[in-house]
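# Coordinate inspection notes
Here are the chains, one letter per residue:
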Amino acid sequence: MTIDKSLFWTLSSKSKTLDNESVHQLRKGTKQLRAHLHLIRQLQGHQKETEHLRQSVKKLARMLAGQRDADVMYALLQELINQTTDAELTPLMVELQHVLNSERLPQIDIRQVHKMARDIDRSTDKLLTHEPEGNEINQLLEVCLENLCEEGQDLLYNAAANWNDLHNWRKQVKKLTYQYKLKKNPDPVDLVIIEKLDQLGDSLGKINDLNILDNFVRRQQYLNTRAQILHTFTQLLGLLDEHKYLLLAQTQQLFAELTALPDQLSLDS
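Residues numbered from 1 in each chain as written. Predicted model: local features only at pLDDT ≥ 70, side-chain atom pairs only at ≥ 80, totals over all residues. Heavy atoms only, no water.

### A few points about the overall build of the chain
Spelled out, the test is: Secondary structure elements are defined from DSSP: runs of H or I of at least 4 residues count as helices, runs of E of at least 2 residues count as strands, and each element is numbered from the N terminus. Residue burial is assigned from relative accessible area. The probe radius is 1.4 Å, only protein chains are included, and a residue is buried under 20% of its type maximum, exposed over 50%, and partly exposed in between. Contacts: residue pairs with any heavy atoms within 4.5 Å of one another. Per-residue and other accessible areas follow the Shrake-Rupley method at a 1.4 Å probe size, with only the shown protein chains counted as cover for residues.
Scanning the chain from terminus to terminus reveals nine helices and zero strands. When its helices and strands are written in sequence order, the chain yields α-α-α-α-α-α-α-α-α. Per-residue burial for the chain yields a buried fraction of 44% across its 269 residues. Once local pairs closer than 6 in sequence are excluded, the contacts in the chain between residues at least 24 apart make up 79%. Just so you have it, the chain exposes about 14700 Å², and 50% of that area is on carbon and sulfur atoms.

Next up, the structure:
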């Protein structure tokens, strides 16, 4: 098992900002590293050194979350602006983008991000040297995939969609995806599972991004008192709901493809 250093690197200490791509790559790297550490914990139990590293990675991920969410919401609003022909919705979404522009990490936090990234990078090289046996990993991942599918069946086909529960399940999907990708010699079945988990995670991620934007819009609506603008907020929230349910239907289809894999693979063999 190896960590892809292109996803989690030591940032240049001269950089005074964190652009969208840097935040995205760092966040992706923290998720991969946390998935690796979680797999080690499941196989080997709690280890003091790796637990300290896990907490550091978790803290870094939280520091980056606010700016990452602001970047994603800004981009989603831009997509909606490009798609809409509604003369009332566009000014509201542009106004919301201006609010998001102010939600950037301050310099003191950016400096801390640089330091934490360097410390985590060094700790990763030092601590993550032992590779568990392949059989151990295979058995564990098979059980995790089975449990994931059982939980997904309940969540995705519930009459009333619970977006927060779906978000929590999405984190499990992403973690399992990264854990499958950590296998040193994936077989053809692994590669198919990885592809399906990737697609499922991406679809769930789009739902979660829309839900983050939904919550942000509701907070801004609460702060506003103008009747006409409140009406436009309601229109925008309805549009976001429409997009979420379309993505939910897509996610259900991707999940059905994942759960059908055992039967399909047995027929192919």
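What follows continues from the structure just given.
### Observations regarding a negative patch on the surface
Cut-off, in case you're wondering: Patches in this entry comprise residues that are over 30% relatively accessible and not in a salt bridge; like charges within 9 Å are linked, as are nonpolar side chains (Val, Leu, Ile, Met, Phe, Trp, Tyr) within 5 Å. Put simply, a salt bridge is a Lys or Arg side-chain nitrogen that is within 4 Å of an Asp or Glu carboxyl oxygen. Charge counting treats Lys and Arg as positive and Asp and Glu as negative, with His and both chain ends excluded. For this purpose, a charge sits on NZ of Lys, CZ of Arg, CG of Asp or CD of Glu.
Where like charges cluster on the molecular surface, the negative patch consists of Glu146, Glu150, Glu151, Asp154 and Asp165. The biggest single contributor to the negative patch is helix H5 (residues 134-156), with four residues. Along the polypeptide, Asp165 turns up in helix H6 (residues 163-181). For Asp165, a relative accessible area of 34% corresponds to the partly exposed category.

### Some details on the packing of aromatic side chains
So the rule is basically this: Only Phe, Tyr and Trp rings take part, Trp by its six-membered ring, and two of them pair if their centres are within 6.5 Å. Stacked means planes under 30 degrees apart, edge-to-face means over 60, and tilted covers everything else.
Per the counting criterion, the structure on display carries three aromatic pairs. Ring centres of Trp163 and Tyr245 lie 5.2 Å apart, and the angle between their planes is 70°; on these two criteria the pair is classed as edge-to-face. Here Tyr245 lies in helix H8 (residues 227-259) and Trp163 lies in helix H6, a separation of 82 residues in the sequence.

### A word on the pattern of salt bridges
Enumeration according to the criterion identifies 12 salt bridges in this entry. For Asp190, the salt bridge is made with Lys183, and the minimal N-O distance between the two is 2.8 Å. Here the two residues Asp190 and Lys183 agree in accessibility, since each one is buried.

### Description of the packing of helix H1 (residues 20-44) against H6
This is how the line gets drawn: A fitted line through C-alpha atoms represents every axis, and for helices the fit uses only the stretch in contact; the resulting angles, taken between N-to-C directions, go from 0 to 180 degrees. What sets the label is the angle itself: under 35 degrees gives roughly parallel, over 145 gives roughly antiparallel, 65 to 115 gives roughly perpendicular, and the rest give oblique. Residues are grouped as follows: Ala, Val, Leu, Ile, Met, Phe, Trp, Tyr, Cys and Pro are nonpolar; Asp, Glu, Lys and Arg are charged; every other residue, Gly included, is polar.
The interhelical angle for the contact between H1 and H6, taken along N-to-C directions, is 80°, at an axis separation of 9 Å. In terms of orientation, H1 and H6 fall into the roughly perpendicular class. Counted together, Lys28, Lys31, Gln32, Ala35, His38, Leu39 and Gln42 of H1 and Arg170, Lys175, Tyr178 and Gln179 of H6 form the full contact between these two elements. By residue class, the composition of the contact of H1 with H6 is three nonpolar, four polar and four charged.

### Brief notes about helix H2 (residues 48-83)
Test applied: For a helix, the expected span equals 1.5 Å multiplied by the number of residues minus one. In this scheme, the bend at a residue equals the angle between the axes fitted to the seven residues that finish there and the seven that begin there.
Along its 36 residues, H2 runs 51 Å from first to last C-alpha, staying within 8% of the 52 Å computed at 1.5 Å per residue. At Ala65, H2 is bent by approximately 40°, the largest bend along its length.

### Thoughts on empty space enclosed by the protein
Keep this limit in mind: Note on definitions: the grid is 1 Å and covers protein atoms alone; a cavity is a set of points where a 1.4 Å probe fits but cannot get out; a pocket is an open set with protein on both sides within 12 Å along at least five of seven lines; lining residues have an atom within 4 Å of a point. Grid points are joined across faces, edges and corners, and a volume is the space filled by probe spheres set on the points.
One pass over the full model with this rule turns up one cavity of 30 Å³ or more. When its volume is computed, the largest cavity comes out at roughly 30 Å³. Forming the walls of the largest cavity are Leu37, Ile40, Arg41, Gly45, Gln47, Thr50 and Glu51. Looking at the lining of the largest cavity, the elements with two or more residues in it are H1 and H2. The biggest single contributor to the lining of the largest cavity is H1, with three residues. Looking at the lining of the largest cavity, its residues break down into two nonpolar, three polar and two charged.

### Looking at the side chain of Arg170
You can see Arg170 is positioned in helix H6. An unpaired buried charge is present at Arg170: no salt bridge exists, and Asp209, the closest side chain of opposite charge, is 5.7 Å distant. Setting aside chain neighbours within four positions, we find Arg170 in contact with Lys31, Gly201, Leu204, Gly205 and Asn208.

### What about the nonpolar core?
The line we're drawing: Nine residue types can take part in a nonpolar core, namely buried Ala, Val, Leu, Ile, Met, Phe, Trp, Tyr and Cys, and a core is a set of them joined through side-chain atoms within 4.5 Å.
Of all hydrophobic cores here, the largest spans 52 residues; its most connected members are Leu145, Trp169, Leu197, Leu213, Val217 and Leu236. Those elements that place two or more of their residues in this core are H2, helix H3 (89-101), H5, H6, helix H7 (188-223) and H8. Setting aside its immediate chain neighbours within four residues, Leu197 contacts Leu145, Leu148, Val173, Leu176, Thr177, Tyr180 and Leu258.

### A short note on the environment of His114
Rule in force here: N or O atoms within 3.5 Å of each other form a polar contact, as long as, within protein, one can give a hydrogen and the other can take it, and as long as residues adjacent in sequence are counted only when both atoms are side-chain atoms.
Here His114 shows up in helix H4 (residues 107-127). His114 gets classed as buried once you look at its relative accessible area, which sits at 3%. Placed 96 residues apart in sequence, His114 and Leu18 show a C-alpha to C-alpha distance of 9.8 Å. Within the structure, the side chain of His114 is placed 2.7 Å from the backbone oxygen of Ile110, a separation counted as a polar contact.

By themselves, these figures tell us nothing about what the structure is for.
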